[in-house]
Each structure stands twice: as structure tokens, then as C-alpha cells.
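# Reading the structure
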Amino acid sequence: TDSRQKQPNSVFVALKGLQFDGHEFAGQAAENGASVLIVEKKIPKIAPDASIIEVPDTLEALQKFGSWHRSRWQGKLVTLAGSNGKTTTKEFCQTILRQKFPTLATLGNLNNHIGVPLTLLGLRNQHKFAIIEIGMNHYGELKDLTMMAMPDVILVTNVGRAHIEFFGTIEAIAKAKEEAYEAAPLKATRIYNLDDTHTAMMRARAPGGCRVITFSSYDRKVDVSFKEKLSTLEYTDIQGVINGEPGSIRVPCYGRQALSTAMAASSIALACGIDAPLIWKGLSQCKSGWGRGQIVHLESGARVIFDGYNANPDSCKMAIENFSKIATPGRKYVVFGDMKELGDLSKKLHQEIGELLAQTRFDGILIFGDFARDVEWGLKSKGFDKNVIISDNYEEKLASSFGTVLQTGDIVLIKGSRGMKLERVVELWRPLDFGKKH
């Protein structure tokens, strides 16, 4: 779909978006090696050896092509939906499966109506498993993506207030998430998180005759149950039971979300037929990805918890609570950016974050974004009297000066939606091991 990529003997699909029309770049695609062009309107004969296939709708053609290709594949396919933790669960799961089995997984977060068929078209005979992430921000999207992917295993990690702008209530979000279970084939194994009220209710509505796997950190009558023994910035010690087999492991990942993610990934591996000992072994190799609770060391000797891949009220609450429990000889700071797609609830939910930040008594807070004043209002309403810097826009000077106070032993939590591009802050502070965005 990208005419700039040099791919000999490839198929170029001319998709139309809000900003670009792929038909205008069909010539460039042919020059870069595309031998087949799929279009929905007449275009000039691009090259003498290029074949042109005209269809009523190029996006629909791509989706049908992906689904058809998936139907011919003989491996086991997993689909992952949910408000939080999809991508990290996918990363954990592929780490476990790839110990012994070739596994395809969604690249980055290509989890929409374009990314899913493109991922499905990457399936090859050598792949034994595939983990496909599916996302949504409107009704019907998870239903369509699930039907396209035809999963053998399906999980909704949880239900939170991500994209609440488009739904209004968390109950409406839950209803949209449940479409994934409803659209899955009856033969598909359904995995349920019993620690989440909404997905636990979905478990009660699971169709009779389907295989069900459950996980929980509280309920012992489940297939996978873990408890957190110790959590530090560098690792989380976990003990529990997988399919009746007890074990314990050190997961090189930070925060309570590591517990839920580990249970979800273990449940998926169990559904795929992986034995408990191999699952335990795989967990010891699982790490957080770029921007998801990523620990970054700075030249100053301070450390950063970079959690700027995405943000919603629930993930922010967990990040702040996790951070508040970390012991450090130095000071604790927060850099916070807007949470996107909250609609009419934006002011209220940003005020709630401010109230939570005030209760945790951090040493200083830097806030960027359209709702920075609302976060500040929440801070002041709870009597926060430490240093607070706010700006309606990202300002490099503010970020840079904030970084000059950091010393050995200090820790900074950086949290905000992807659109805020808060990695700019980390890059200013001379990181030693930041790496590049996936």
C-alpha cells in the first residue's frame, strides 16, 4: 500500500484515504517493482509488464484477499482485543511461542481495517502460530476484524475508558468489545480475564459447547493464576499456577500490569497447546516494548519510566499507582501529556488524574497539552504544594530545564497519549539506552 517501498514482483493496492489517493502513486509503485496494481478506477497503462486489476472497492478487495489467504493457512491463529495491554500481551505471547515454533505477529500496532489484512497476507506455511491484534474505536469494527481473521483462540484483555469519546459510557465500550467474542467461530477457544468486571460478565455469556480458559490473580478456580511476590523497576517476581502446575519466575518487566499481561499470554499459550514448563521458561524472557513502561537510564544518573506509547484514564491510573510504590533514594517526578479521544469527558478525566497525582505527593510535575489546566485544577483541589509547571503546548525549553535538575537516584514517570510525542522529552535528557520506536 506504500508506493515508496521497493518490492519487486509485489502487488500494490491503491487505497484512498483522507489525505492521499493511492491511485496517484500507482506509477511510482510500478517503478519500484509492483507487477500487479489493484485499482478501483481507470489509470493509464503504467508499465508494459504491469497487470492492472480493477475492483469496485480496493479496501474491500484487500480485506477479502487477506481473509481468503488466512482460510488456506493450516496453523493456529490468535486474535487479541481490549482497552489496555494488547500489544504487550502480543509481545509476551510471541516470546513464549517462538521458543520452539515459528510465529507471525502483528507488527507494531497495525490492528485496524488495513493493518489486519496486511498481517494476514504475511502468513506462510512455516508459521505454526499467528497472533493478530485487533483494535477499534467504533461499533462493528471488532466484529468485522474477527470475521476476517477467523481466530482459533480469542481474548479481550480488559475493558477500560479508551476511546470513550466515541461511546459515551464504559458499558457501551464493553458491548463493542464483546463483539469480538460474538463474531468468533464456535470452535474458537475463548479466554476470559476474571479480574475485570466486564470481561467476567462476558464469560457468563459464553456460548455453550465452546472451549473456555480463564485467568485471575484472585480467583483460584481458574486455568492460570499468578501473584506478585516482588516488583522493582527492573523486574517483577511472580508465582502461581498454570493448568494445575505451580511455578515461579522473574519477569524482566516493571509494574503491576506485568502480572495481568503474563497471565493473559500464558493463557493464550495454554490454548495453543504449550506445556506449562515451556510457558514458565518463556515468561523469564518477556520484556516491555518501546514506550510501554520502558526503563531508560540517563547520563545524569537518573532513570525514566517512559510510558508514552498510549494513554487513557485507566492506564494512567495504573502507571501512577505503580510509580508511587517504587522506592528510590532520590526524588520522584512526573511529566504528563494529554489523554486523547475522551470527548466531552476530557476535562473531568484530566482533573481526576490531577487529583490522583496530588495524593501521591511527587516532588515536581511538568504538564503539557490542551488539558494541562484541568490537571492543574485537580492538583490544586487536593492541596498539592510542590513544583508544578504547565504549558498548553509542548515546549522544548521547559522540558530541557526540567531535566537539568535530575540527579543520580531520581526517577521520572513520563506518561501521555502517542499524539503528544513525549519521547521528545527523553531525547533531550541524554538517554543512554533509549532505542528507536518500533
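The notes below deal with the structure included here. (Residues numbered from 1 in each chain as written. Predicted model: local features only at pLDDT ≥ 70, side-chain atom pairs only at ≥ 80, totals over all residues. Heavy atoms only, no water.)

### A short note on the overall build of the chain
Inclusion rule: A run of H or I in DSSP becomes a helix once it reaches four residues, and a run of E becomes a strand once it reaches two; helices and strands are each numbered from the N terminus. Radius of gyration here is computed from C-alpha atoms only, and the compact-globule reference equals 2.2 Å multiplied by the residue count raised to the power 0.38. Throughout, exposure labels follow a simple rule: accessible area from a 1.4 Å probe, protein chains only, divided by the maximum for the residue type, with under 20% read as buried, over 50% as exposed, and the rest as partly exposed. Residue-level accessible areas treat just the shown protein chains as cover; the underlying method is Shrake-Rupley with a 1.4 Å probe. Neither His nor the chain termini are counted; the positive set is Lys and Arg, and the negative set is Asp and Glu. To locate a charge, the coordinates of NZ of Lys, CZ of Arg, CG of Asp or CD of Glu are taken.
Secondary structure assignment for the chain yields 14 helices and 18 strands. The C-alpha atoms of the chain give 23 Å as radius of gyration, which agrees with the globular expectation for 438 residues (22 Å, within 12%). Projected onto the principal axes, the alpha-carbon positions of the chain cover approximately 70 × 55 × 40 Å. Classification of the 438 residues of the chain by burial places 53% in the buried group. Summed over its atoms, the accessible surface of the chain is roughly 19,800 Å², and 50% of this surface lies on carbon and sulfur atoms. Of the side chains in the chain, 55 bear a positive and 49 a negative charge, and the two mean positions are spaced by 5 Å.

### Quick notes on the sheet that holds strand 16 (residues 364-368)
What counts here: Note on pairing: two strands pair once DSSP finds at least 2 bridges between them. Comment: axis = line fitted to C-alpha atoms, over the contacting stretch for helices; angle = value between 0 and 180 degrees taken between N-to-C directions. In what follows, a contact means two residues having at least one pair of non-hydrogen atoms within 4.5 Å.
Sheet architecture is open: 6 strands sit in the order 13-14-18-15-16-17, paired in mixed fashion. Edge strands, defined here as strands with exactly one partner in the open sheet, are strand 13 (294-297) and strand 17 (387-391). Strand-to-strand twist of the sheet, defined as the mean angle between neighbouring strand axes without regard to direction, takes the value 15 degrees. Alignment of strand 16 against strand 17, held across 5 bridges, turns out to be parallel. Its bridge partner being in strand 17, Leu-366 is matched across the sheet by Ile-389. Where helix 10 (residues 313-325) meets the sheet, its contacts fall on strand 14 (303-307), strand 15 (332-337) and strand 18 (411-415), and the angle it forms with strand 18 comes to roughly 175 degrees. Sitting on the sheet, helix 13 (residues 396-403) touches strand 15, strand 16 and strand 17, and the angle it makes with strand 16 is about 165 degrees.

### Here's the deal with the pattern of salt bridges
Which entries qualify depends on this criterion: Within this document, salt bridges are pairs made up of a side-chain nitrogen of Lys or Arg and a carboxyl oxygen of Asp or Glu, the two lying within 4 Å of each other.
A full pass over the atoms with the stated rule returns 21 salt bridges. The residue Asp-152 makes a salt bridge to Lys-187 at a minimum N-O spacing of 3.0 Å. With a gap of 35 residues between them, Asp-152 in the loop between helix 5 (141-149) and strand 7 (153-156) and Lys-187 in the loop between helix 6 (170-183) and strand 8 (189-193) connect regions that are remote in the sequence. Judged by its relative accessible area of 60%, Lys-187 falls in the exposed class. Here Asp-392 ties to Arg-373 by a salt bridge, and the two come within 3.6 Å at their closest N and O atoms. Residue Asp-392 is found in the loop between strand 17 and helix 13, and its partner Arg-373 is found in helix 12 (residues 372-381); the two are separated by 19 residues along the sequence. On the accessibility criterion, Arg-373 (48% relative accessible area) is partly exposed.

### Re the sheet that holds strand 1 (residues 10-13)
Spatial strand order, 1-2-3: 3 strands in an open sheet with parallel pairing. In this open sheet, the two strands that pair with only one neighbour each are strand 1 and strand 3 (51-54). When strand polarity is set aside, the average angle formed by the axes of neighbouring strands in this sheet is 20 degrees. Bridge analysis of strand 1 against strand 2 (residues 34-39) gives 4 bridges, and the strand direction is parallel. By the bridge assignment, Val-11 is partnered in strand 2 with Val-36.

### Observations regarding helix 10
Defined as follows: Multiplying 1.5 Å by the residue count of a helix minus one yields the expected span of that helix. A 3.5 Å cut-off defines polar contacts: any pair of N or O atoms within that distance qualifies, except that in protein one atom must be a possible hydrogen donor and the other a possible acceptor, and neighbouring residues in sequence count only when both atoms are side-chain atoms.
Its 13 residues place the ends of helix 10 19 Å apart at the C-alpha level, agreeing with the 18 Å of an ideal helix rising 1.5 Å per residue. Buried within helix 10 we find Pro-313, Ser-315, Cys-316, Ala-319, Ile-320, Asn-322 and Phe-323. Lining the buried residues of helix 10 we find helix 8 (257-271), strand 14, strand 15, helix 11 (346-360) and strand 18. Structurally, the start of helix 10 carries an N-cap: the backbone nitrogen of Asp-314 is 3.0 Å from a side-chain oxygen of Asn-312.

### So, the packing of helix 10 against helix 11
Put simply, the rule is: Our angle categories are set so that under 35 degrees counts as roughly parallel, over 145 as roughly antiparallel, 65 to 115 as roughly perpendicular, and the remainder as oblique. By the convention adopted, Pro, Cys, Tyr, Trp, Phe, Met, Ile, Leu, Val and Ala count as nonpolar, Lys, Arg, Asp and Glu as charged, and the other residues, Gly among them, as polar.
Helix 11 packs onto helix 10 with a crossing angle of 5 degrees between their chain directions and a minimal axis gap of 10 Å. Considering their axes alone, helix 10 and helix 11 lie roughly parallel with respect to each other. In this structure, helix 10 contributes Pro-313, Cys-316, Lys-317, Ile-320 and Ser-324 to the contact, and helix 11 contributes Leu-349, Ile-353, Leu-356, Leu-357 and Thr-360. Its residues placed into classes, the contact of helix 10 with helix 11 shows 7 nonpolar, 2 polar and 1 charged.

### So, helix 2 (residues 58-71)
Taking 1.5 Å per residue, 14 residues should reach 20 Å; helix 2 reaches 20 Å between its end C-alpha atoms and fits that length. Within helix 2, the full set of buried residues consists of Thr-58, Leu-62, Gln-63, Gly-66, Ser-67, His-69 and Arg-70. On its buried face, helix 2 sits against strand 1, strand 2, strand 4 (76-81), helix 4 (115-120) and helix 5. In this structure Asp-57 caps helix 2, since a side-chain oxygen of it lies 2.9 Å from the backbone nitrogen of Leu-59.

### Here's the deal with the nonpolar core
It is characteristic of soluble globular proteins that their nonpolar side chains tend to be buried jointly. Under the convention used in this document: Here the nonpolar core consists of buried residues drawn from Ala, Val, Leu, Ile, Met, Phe, Trp, Tyr and Cys, with membership extended through side-chain atoms lying within 4.5 Å.
Phe-226 and Leu-283 are the most contacted members of the largest nonpolar core, which totals 70 residues. Among the elements that line this core, the one with the most residues is helix 8, at 10 residues. If near-sequence neighbours (up to four positions away) are discounted, Leu-283 is found in contact with Ile-96, Phe-226, Ile-249, Val-251, Pro-252, Ala-262 and Ser-266. Of all hydrophobic cores here, the second largest spans 29 residues; its members include Ala-319, Ile-353, Ala-358 and Ile-411.

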